[in-house]
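# Structural overview
Below are the chains, spelled out letter by letter.
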Amino acid sequence: MLGIAGPVLSAAERDWLRHPAVGGVILFTRNYASPEQVTSLTAQIHAARTPPLLIAVDQEGGPVQRFRDGFTRLPPVNRLGRVYDQDPVRARHLAAQCGWLMAAELRAVGVDLSFAPVLDLDRGVSAVIGERAFHRDPEVVADLAQHYIHGMQRAGMAAVGKHFPGHGSVAADSHRALPVDPRPLETLGVEDLLPFERAADQGIPGVMIAHVLYPAIDAQLAGYSRYWIHDVLRARLRFQGAVFSDDLGMVAAHGAGTLTDRANVALTAGCDMVLVCNEGEATGAVLDALAGYRDPAAQMRLARMRGGGHGLARDAMCQLPEWSQAVSDIAACDPDPELGLDLA
């Protein structure tokens with residue numbers, strides 16, 4: 001899965017999309033100008049191949065929402081955790097509404113999936129996770145995430161839980177440094193792993209692996225670790241869905257060598273799809289190195305990540321009573337004036 005430079009495809013990027021090693025495109029704020037523009041862009045990307053490439057984005061809400069103007073401003077999900085402390089029933093309802101609204105608005109412009117929800121714990125340690133996490137209590141995270149995922153499913157979007165096995169208990173930001181978590185597996189098993197285990201039990205179709213090192217458990221980063229992916233995620237947690245790497249351009253991922261080396265190590269460890277988000281021309285070298293790579297089981301798992309649902313155009317979606325109700329419910333749960341309806 002690769003990133004592209006701007007709001008329109010360049011000639012080189014069109015060639016990349018036809019490369020056999022490419023399975024998807026991840027979009028960022030730099031790729032977005034308006035709902036109409038991004039609808040045209042996703043249509044061009046989907047038309048480039050048969051079966052169509054996956055199109056993904058990070059649209060969690062709060063600080064991580066790539067598409068804003070013309071989309072509902074979504075609150076950071078820790079607001080739902082605060083509601084849960086006072087009224088769990090209302091919080092579950094709001095979680096389902098947030099998941100549905102996020103997914104419905106993306107599906108209406110042709111995006112297959114958002115890398116959500118965050119299943120990390122908010123331990124008050126990680127600035128890069130922080131309000132992106134539902135709560136500090138793993139039971140609450142698992143509960144709210146289940147309802148959020150059900151909302152996504154109702155809108156025709158597959159969920160991708162992140163960042164396995166848990167990024168919320170380390171201070172370092174893996175975009176800029178190597179996070180190291182010294183805790184043993186016994187501790188992670190009853191804390192950080194619990195939301196992932198519950199999500200796996202409920203059949204979550206995707207998981208993203210963290211670029212975090214757990215030296216008491218394995219010498220490799222989780223994203224490069226066959227132990228974490230096969231022995232823990234697939235064998236112990238019985239996860240049967242698709243495994244995505246985090247961005248291989250992040251500083252924490254650099255220890256495996258060149259970008260091509262990183263891609264090979266992640267795939268060998270058990271990732272089904274690797275993300276190369278911001279590497280420009282270096283992306284071409286990775287594609288050429290992986291031209292002969294085939295994994296039929298991974299292709300089957302990834303095929304289940306394609307968007308489904310009602311397929312309504314954006315204007316028709318905005319006429320749904322369900323959409324109006326979700327916007328109203330979410331705006332009422334958050335006092336931030338920048339959140340809520342934004343149809344500019």
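Figured I'd write up the structure that's included with this text. (Residues numbered from 1 in each chain as written. Predicted model: local features only at pLDDT ≥ 70, side-chain atom pairs only at ≥ 80, totals over all residues. Heavy atoms only, no water.)

### What about the overall build of the chain?
For clarity, the threshold we go by: Secondary structure elements follow DSSP: runs of H or I of four or more residues count as helices, runs of E of two or more count as strands, with numbering from the N terminus. Using C-alpha atoms as the atom set, the radius of gyration is obtained and then compared with a globule rule of 2.2 Å times the number of residues to the power 0.38. Only protein chains enter the accessibility calculation, which uses a 1.4 Å probe. A residue is then buried if its area is under 20% of the maximum for its type, exposed if over 50%, and partly exposed in between. Throughout, a contact is declared for two residues whenever any of their heavy atoms are within 4.5 Å. The method behind every accessible area is Shrake-Rupley, applied with a 1.4 Å probe, and residues are considered shielded solely by the protein chains displayed. Only four residue types enter the charge count: Lys and Arg as positive, Asp and Glu as negative, with His and the chain ends excluded. Taken as the charge location is NZ of Lys, CZ of Arg, CG of Asp or CD of Glu.
A tally of helices and strands in the chain yields 13 helices and 10 strands. Relative to the 2.2 N^0.38 estimate, which gives 20 Å for 344 residues, the radius of gyration of the chain is 19 Å and therefore close to what a compact globule would have. Seen through its C-alpha atoms, the chain measures out along the principal axes to roughly 50 × 50 × 30 Å. By residue count, 59% of the 344 residues in the chain fall in the buried class. In the chain, the proportion of contacts linking residues at least 24 apart, taken out of those at least 6 apart, comes to 76%. As displayed, the chain offers around 13200 Å² of accessible surface, 53% of which is attributable to carbon and sulfur atoms. Across the chain, 30 positive and 40 negative side-chain charges occur, with their mean positions spaced 3 Å apart.

### Regarding the packing of aromatic side chains
In plain terms, the rule: The aromatic pairing rule takes the rings of Phe, Tyr and Trp, using the six-membered ring of Trp, and pairs them if the centres are within 6.5 Å, calling planes under 30 degrees apart stacked, those over 60 edge-to-face and the rest tilted. Charges are assigned to positions over rings by a cutoff of 6 Å between ring centre and Lys NZ or Arg CZ, combined with an angular limit of 35 degrees from the ring normal.
Per the counting criterion, the structure on display carries nine aromatic pairs. One aromatic cluster in this structure is built from Phe 164, Phe 196, Tyr 214, Tyr 227 and Trp 228. Seen from the ring of Phe 71, Arg 314 lies directly overhead, with NZ or CZ sitting 5.3 Å from the centre.

### Points about helix 5 (residues 138-154)
This is how the line gets drawn: Helix span, expected: 1.5 Å multiplied by one less than the number of residues in the helix. What qualifies as a polar contact is a pair of N or O atoms within 3.5 Å, subject to a donor-acceptor requirement within protein and to the restriction that residues adjacent in sequence count only when both atoms come from side chains.
Over its 17 residues, helix 5 runs 24 Å from end to end, which matches the ideal 24 Å to within 8%, given 1.5 Å per residue. Of the residues making up helix 5, those classed as buried are Pro 138, Val 140, Val 141, Ala 142, Asp 143, Leu 144, Ala 145, Tyr 148, Ile 149, Gly 151 and Met 152. Its buried side turned inward, helix 5 meets strand 4 (59-61), helix 3 (78-86), helix 4 (88-107), strand 6 (113-114), helix 6 (185-190) and helix 7 (193-201). Taking the backbone nitrogen of Glu 139 as reference, a side-chain oxygen 2.8 Å away marks Asp 137 as the first, capping residue of helix 5. Phi turns positive, to about 85°, at Gly 156, one or two residues after helix 5.

### Some details on the sheet that holds strand 3 (residues 54-57)
What counts here: Two strands pair if DSSP finds at least two bridges between them.
Within the open sheet, the four strands sit side by side as 1-2-3-6. Their pairing is parallel. Two strands lie at the open edges of the sheet, namely strand 1 (2-3) and strand 6, each paired on one side alone. One ladder, built from four bridges, connects strand 2 (residues 24-27) with strand 3; its direction is parallel. In the sheet register, Gly 24 faces strand 3, and the bridge partner there is Leu 54.

### Overview of the layout of surface pockets
What counts is decided by this rule: Cavity: a set of points on a 1 Å grid over the protein atoms alone where a 1.4 Å probe fits but cannot get out. Pocket: an open set with protein on both sides within 12 Å along at least five of seven lines, its lining residues, like those of a cavity, having an atom within 4 Å of a point. Grid points are joined across faces, edges and corners, and a volume is the space filled by probe spheres set on the points.
Looking at the largest pocket, its volume works out to about 660 Å³. Along the wall of the largest pocket there are 29 residues; nearest its centre are Pro 20, Ala 21, Val 22, Gly 23 and Met 273. Sorting the residues of the lining of the largest pocket by element identifies strand 10 (273-275), helix 10 (282-289) and helix 11 (296-303) as the ones contributing at least two each. As a volume, the second largest pocket reaches approximately 360 Å³. If you trace the second largest pocket, you find 23 residues lining it, with Asp 58, Arg 66, His 175, Asp 246 and Met 250 closest to the centre. Secondary structure elements with two or more residues in the lining of the second largest pocket: strand 7 (160-164) and strand 9 (242-247).

### Here's the deal with the environment of Cys 333
Tracing the sequence through the fold places Cys 333 in the segment after helix 13 (321-332). We classify Cys 333 as buried; its relative accessible area is 12%. A C-alpha to C-alpha distance of 27 Å links Cys 333 and Leu 312, two positions 21 residues apart in sequence. Cys 333 has contacts with Leu 80, Arg 90 and Leu 94, leaving out every residue within four places of it along the chain.

### Quick look at helix 2 (residues 35-47)
The periodicity of an α-helix, 3.6 residues per turn, causes residues three or four places apart in sequence to face the same way. Where we set the bar: Picture the helix axis, draw a direction to every C-beta atom, and the arc is the one those directions span.
The terminal C-alpha atoms of helix 2, which comprises 13 residues, lie 18 Å apart, in line with the 18 Å expected from a rise of 1.5 Å per residue. Here helix 2 has its buried residues at Pro 35, Gln 37, Val 38, Leu 41, Thr 42 and Ile 45. Each buried residue of helix 2 lies within a common arc of 155° when the element is viewed along its axis, so the set occupies one face. The exposed set on the far side of helix 2, more than 90 degrees from its buried face, consists of Glu 36 and Ala 47.

### Focus: the pattern of salt bridges
This is how the line gets drawn: Each salt bridge in this description consists of a side-chain nitrogen of Lys or Arg and a carboxyl oxygen of Asp or Glu lying within 4 Å of one another.
For the structure on display, the rule yields 17 salt bridges. The salt bridge involving Arg 183 is made with Asp 181; its shortest N-O contact spans 2.7 Å. One exposure class covers both Arg 183 and Asp 181, and it is buried. Linking Asp 272 and Arg 234 is a salt bridge whose minimum nitrogen-to-oxygen distance equals 3.2 Å. Of this pair, Asp 272 sits in the loop between helix 9 (259-269) and strand 10 while Arg 234 sits in helix 8 (residues 226-236), placing them 38 residues apart in sequence. There is no split in this pair, since Asp 272 and Arg 234 are both buried.

### A short note on the nonpolar core
So the rule is basically this: Only buried residues count toward a nonpolar core, which is a set of Ala, Val, Leu, Ile, Met, Phe, Trp, Tyr and Cys residues joined through side-chain atoms within 4.5 Å.
Counting residues in hydrophobic clusters, the biggest one holds 112 residues, and the most contacted among them are Leu 27, Phe 115, Phe 164, Trp 228 and Phe 244. In this structure, Phe 115 is in contact with Met 1, Ile 26, Ala 56, Val 57, Asp 58, Glu 60, Val 160, Lys 162, Met 208, Phe 244 and Leu 275, ignoring residues within four places of it in sequence.

### Let's talk about the side chain of Arg 262
Relative to the helices and strands, Arg 262 resides in helix 9. Lacking a salt bridge, the buried Arg 262 has Glu 279 as its closest oppositely charged neighbour, with an N-O distance of 5.3 Å. At a separation of 2.8 Å, a polar atom in the side chain of Arg 262 contacts the main-chain carbonyl oxygen of Leu 248.

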